[in-house]
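Okay, here's what each chain looks like letter by letter:
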Amino acid sequence: MFLLYILYSNHLFRKDPKDCPDNITKLSTKIEAPSNYSSSTIITTSSQPEKPAYKRQVDQLVAPFPGNYHRYDTELKHIAFGIAASSNLWEIRKEYIKAWWRPNETRGVVWVDKKVRARANEGLPEIRVSADTSKFKYLNKQGSRSALRISRVVSETLKLGMKDIRWFVMGDDDTVFVVENVVRVLSKYDHTQFYYVGSASESHIQNILFSYAMAFGGGGFAISYPLAKELGKMQDKCIHRYPALYGSDDRIQACMAELGVPLTRELGFHQYDVYGALLGLLGAHPVTPFVSLHHLDVVEPVFPRMRRAKAIAHLLEAAKEDSASLMQQSICYDSTRYWSISVSWGYVVQILRGVMSPRELEMPTRTFLNWYKRADYHAYAFNTRPVERHPCQKPFVFYMGKVKYDSYKKQTMGVYYQHKTRTRPCRWKMASPETIDSVVVLKKRDDLRWQKSPRRDCCRVLPTDKNNTMVISVGNCREGEISELQPKMASS
């Protein structure tokens, strides 16, 4: 047997190469484009006879699994926004829309219940009156009939026949979108397929009452063009079947259930069914693009001592410099003074005495109440931690004052100023962050961060000669870098 093996092996080595199977350099590299692309994108470098069955089986085994393993070239021009608005609140809430809308760039329509006053050059979308919905029954005693017209915003926007649209994004007049991040999120998905993209509520009770399978409309949701077409064909019949539902978003979800399309969750769409301050939530944002926020009339202004609309405009100034990194948290430690530091880029820096683990710092503090105004930590669909009551453990909060881009150093520089409030004195014998008036945060733009695996940024405390200023560098984590305290002796 050993002799036969040697003879057979020798025969293989001496065999003429032209009799060997096709090697990898001769394989066809035909790339088939999706159906909505032109045939000009199909490239064929060679043609080959049909492969043997065993080779086709091997190719199937090594082929990539279907899924979102590449990005699609979706741009802002491919997205149509449908904004549901109330004529009664229009003069107040149009200011929120102005903050994020980009004339001549964003596309879409505001749908109102009746005509509102529109001034020229206000920087607002086209305004239209929704179609009559009196033919539909509405039997929910706690809700409003306006839910019927709002549920048809996507279908009505579809009927306008806008060209080259891939996605319809629905929101309310008090929803603010970071449009670059809307594009980043939707670019992950194949717009030629059926997709219903959004997120549930922060309130566990709201999710139980409505559905964990529902995208809450205030936080915004996206529907791909083919799915919007199918929805448009059956929605009126679908609405007739659910007269007892409360709102518009649960009617949309009911129709999605009939179409068999599940919710694709993207945690950056924020319903914010809460009251109070959003500091705890925005200061510990999940590692995902910050897409939207909602209920701006209910929560406190995101920046203290500012009007709500002005506070949103101020936040979006940071988004202009690095929208991909807006609200992204990084955690580090001042090893000399034993401080814990949490940076929510473009929004806030928090400094605490002592050492708090990243596991705790990435958990939102309960600076807010749930939708039913109870201080109940069981009421949320995520983990939270209590607000520190001990005067030595309360965080020192520094809100973003300004962000600018340094073209010479090719980095952004943000200055965050301490928000001073009255507190009880701390008797710990250690350095206090109250001596810090401002924090300077340096960061290089990272537009492609969401094309990589998700990971928090790392931050480092840099030396400075100014005793009342802290300088922090934020950026991608270096090899082997983790968020930990590395003790060192203070210089004398």
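Quick notes on the rules
Throughout this document, residue positions are counted from 1 along each chain, in the order its sequence is written. Note on the predicted model: pLDDT of at least 70 is required for a residue's local features to be given, and 80 or more for side-chain atom pairs to be given and counted; whole-chain, interface and lining totals, by contrast, use all residues. Side-chain figures throughout are based on the complete set of non-hydrogen atoms in the structure, without hydrogens or water. Strand pairing is assigned whenever DSSP identifies at least 2 bridges connecting the two strands. Elements are defined by DSSP. Helices are runs of H or I of four residues or more, strands are runs of E of two residues or more, and each kind is numbered from the N terminus. With axes taken as lines fitted to C-alpha atoms, and helix axes fitted only over the stretch in contact, angles between N-to-C directions fall between 0 and 180 degrees. Note on definitions: a residue-residue contact is assigned when non-hydrogen atoms from the two residues lie within 4.5 Å. In this description, the term disulfide denotes a pair of cysteine sulfurs within 2.5 Å. To sort residues, take the accessible area from a 1.4 Å probe on protein chains only and compare it with the maximum for the residue type: under 20% means buried, over 50% means exposed, and anything in between is partly exposed. Residue-level confidence of the predictor is what pLDDT reports, using numbers from 0 through 100. Ring pairs are drawn from Phe, Tyr and Trp, using the six-membered ring of Trp, whenever the two centres fall within 6.5 Å, and their geometry is named by plane angle: stacked under 30 degrees, edge-to-face over 60, tilted for the rest. Whether a charge sits over a ring depends on NZ of Lys or CZ of Arg being within 6 Å of the ring centre and within 35 degrees of the ring normal. Under the convention used throughout, the expected extent of a helix is 1.5 Å for every residue step, that is, one less than its residue count. To qualify as a nonpolar core, a set must consist of buried Ala, Val, Leu, Ile, Met, Phe, Trp, Tyr and Cys residues joined through side-chain atoms within 4.5 Å. Every angle not falling under 35 degrees, over 145, or within 65 to 115 is termed oblique; those three ranges are roughly parallel, roughly antiparallel and roughly perpendicular. Under the grouping applied here, Gly and all other residues not named as nonpolar or charged are polar, the nonpolar ones being Ala, Val, Leu, Ile, Met, Phe, Trp, Tyr, Cys and Pro and the charged ones Asp, Glu, Lys and Arg. In the analysis that follows, any N or O atom pair within 3.5 Å is treated as a polar contact, provided that within protein one partner can donate a hydrogen and the other can accept it, and provided that, for residues neighboring in sequence, both atoms belong to side chains.

A. Seen up close, the sheet that holds strand S13 (residues 348-353). Pairing is mixed in the closed barrel, where eight strands are placed in the order S11-S12-S13-S15-S16-S17-S19-S18. Taken over all neighbouring pairs, the strand axes of this sheet differ in orientation by 25° on average, direction set aside. Pairing of S13 with strand S15 (residues 396-406) involves four bridges; the strand directions are antiparallel. Opposite Ile351, over in S15, you have Phe396 as the bridge partner. Together, S15, strand S16 (411-418) and strand S17 (438-443) form the strand contacts of helix H11 (residues 308-322), whose direction differs from that of S15 by roughly 45°.

B. Spotlight on the state of the cysteines. Here the structure, examined in full by the defined rule, presents four disulfides. Here Cys238 pairs with Cys255 through a disulfide, and the sulfurs are 2.2 Å apart. Looking down the S-S bond of the Cys238 and Cys255 bridge, the torsion is -110°, so its handedness is left-handed. Placement of Cys238 in helix H8 (residues 225-240) and of Cys255 in helix H9 (residues 249-259) is noted, with a sequence separation of 17 residues between them. When sorted by exposure, Cys238 lands in the same class as Cys255, which is buried. The side chain of Cys332 participates in a disulfide bridge whose partner is Cys459; the two sulfur atoms lie 2.2 Å from each other. Note on the Cys332 and Cys459 pair: the S-S dihedral is about -110°, so by sign convention the disulfide is left-handed. Taken together, the positions of Cys332 in strand S11 (residues 329-334) and Cys459 in strand S18 (residues 457-462) put the pair 127 residues apart, joining distant regions of the chain.

C. Summary view of the sheet that holds strand S7 (residues 221-224). Spatial ordering of the open sheet is given by S3-S2-S1-S4-S7-S6-S8, a layout of seven strands whose pairing is mixed. Each edge of the open sheet is held by one strand with a lone partner, namely strand S3 (126-129) and strand S8 (263-265). Recorded for the sheet is a direction-independent mean angle of 25° between the axes of neighbouring strands. Summarising the sheet, strand S6 (residues 196-198) and S8 pair through three bridges and their orientation is parallel. Considered in S8, the bridge of Val197 is made with Thr264.

D. Broad picture of the confidence of the model for the protein chain. Overall, the predicted model of the protein chain reaches an average pLDDT of 87, with 84% of residues at or above 70. Taken as a whole, residues 1-48 scores under 50 in pLDDT and shows 25 contacts with residues more than four places along the chain or in a different chain.

E. Quick peek at the environment of Gln350. Inspection of the secondary structure assignment puts Gln350 in strand S13. Looking at Gln350, the relative accessible area reads 12%, which means it is buried.

F. Representation of the packing of aromatic side chains. Summed over the entire model, instances satisfying the criterion amount to 17 aromatic pairs. Joined through ring pairs, the aromatic side chains of Phe81, Trp100, Trp101 and Phe177 make up one cluster. Here Arg449 stacks its cationic end above the ring of Trp450, 5.1 Å away from the centre of that ring.

G. A look at H11. Look at H11: 22 Å from first C-alpha to last across 15 residues, which is about the 21 Å you get at 1.5 Å a residue. What H11 keeps buried is the set Ala309, Ala311, Ile312, His314, Leu315, Leu316, Ala318, Ala319 and Asp322. Tucked into the core, H11 has its buried residues touching helix H3 (90-100), strand S5 (176-177), strand S10 (292-293), S15 and S17.

H. Summary view of the nonpolar core. Counting residues in each nonpolar core, the largest one holds 76 residues, and the members touching the most others are Phe81, Trp100, Tyr347, Val349 and Val439. Ranked by residue count, the leading element in this core is H11, at seven residues. With sequence-adjacent residues up to four places away left out, Tyr347 is seen in contact with Leu279, Leu282, Gly283, Val302, Phe303, Leu315, Met327, Phe398, Tyr399, Met400 and Tyr416. In terms of nonpolar packing, the next biggest core, distinct from the first, is built from 27 residues, Val153, Phe168, Phe221 and Cys238 among them.

I. Region of the structure containing the packing of H8 against H9. Packing of H8 against H9 leaves a shortest axis separation of 10 Å and a crossing angle of 110°. By the angle class used here, H8 and H9 are roughly perpendicular. The residues of H9 that touch H8, namely those facing Leu227, Glu230, Leu231, Met234, Gln235, Cys238 and Ile239, are Arg251, Ile252, Ala254, Cys255, Met256, Glu258 and Leu259. Its residues assigned to classes, the contact of H8 with H9 comprises ten nonpolar, one polar and three charged.

J. Looking closely at the side chain of Thr469. Within the secondary structure, Thr469 sits in strand S19 (residues 469-475). At 3.4 Å, the side chain of Thr469 and the side chain of Asn468 are in polar contact. Once residues within four sequence positions are removed from consideration, Thr469 is found in contact with Ile436, Ser438, Val440 and Thr464.

K. Representation of unusual backbone geometry in the model. Although it is not a glycine, Asp164 sits at a positive phi angle of roughly 60°. Tracing the sequence through the fold places Asp164 in the loop between helix H5 (153-159) and strand S4 (167-172). Classification of Asp164 by relative accessible area gives partly exposed; the value is 48%. The phi angle at Tyr272 is positive, at roughly 55°, despite the residue not being glycine. By the element assignment, Tyr272 lies in the loop between S8 and strand S9 (274-276). Taking the relative accessible area as the measure of exposure, Tyr272 reaches 2% and is therefore buried.

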